[in-house]
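Structural features, examined
Listed below, chain by chain, are the residues.
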Amino acid sequence: MGKIATRYLIPELAGARLTHKLCSHVADAFVSKYGKFAGWAQTLLFIAELPSQKKIIPPEFWATEENQDANRKASTTDAKGSSKVIVP
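Here the structure is a predicted model, which is why all the values come from computation and not from measurement. (Residues numbered from 1 in each chain as written. Predicted model: local features only at pLDDT ≥ 70, side-chain atom pairs only at ≥ 80, totals over all residues. Heavy atoms only, no water.)

Looking at helix α3 (residues 38-49)
Here α3 spans 17 Å end to end across 12 residues, near enough to the 16 Å set by a 1.5 Å rise per residue. Every buried residue of α3 is accounted for by A38, A41 and L45. The buried residues of α3 occupy one face: seen down the axis, they fall within an arc of 65°. (Helix = DSSP H or I, 4+ residues; strand = E, 2+ residues; numbered from the N terminus. Expected span 1.5 Å × (residues − 1). Buried < 20%, exposed > 50% of the residue type's maximum accessible area, 1.4 Å probe, protein only. Arc of directions from axis to C-beta.)

Comments concerning the environment of A27
Following the sequence through the fold, A27 ends up in helix α2 (residues 20-34). Exposure remark for A27: the relative accessible area of 37% places this residue in the partly exposed category.

So, the packing of aromatic side chains
Tallying each qualifying case throughout the model produces two aromatic pairs. Here F37 and W40 contribute two aromatic rings whose centre-to-centre distance is 6.4 Å and whose plane-to-plane angle is 70°, an arrangement assigned as edge-to-face. (Phe/Tyr/Trp six-rings, centres within 6.5 Å; stacked < 30°, edge-to-face > 60°.)

A look at the confidence of the model for the protein chain
Detailed reading of predicted coordinates is not advised where the pLDDT is low. Per-residue confidence for the protein chain gives a mean pLDDT of 74, with 68% of residues at or over 70. The least confident element of the protein chain is helix α5 (residues 65-75), whose mean pLDDT is 50; the most confident is α2, at 90. (pLDDT = per-residue confidence, 0-100.)

Structure (structure tokens):
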């Protein structure tokens with residue numbers, strides 16, 4: 001759970017020991033982001049990390065820095081190759 005939380009929610013805690021206090025912080029982060037679906041989201045993120053599931057999940061959905069960078073670049077470039085501004 002700690003690796004999933006640092007990858008998706010709180011990267012600043014990467015490498016920290018998973019203590020009771022940190023578990024509470026991770027749980028709060030999931031609830032803050034996913035609300036009443038926090039447990040469901042944590043389960044899906046965990047399952048997606050399993051090697052057996054990585055075989056069936058298309059690589060473009062994997063949470064890697066290369067994919068995140070590629071997705072950001074693709075979302076800021078239209079079909080003709082010109083850049084566009086995306087307002088959050």
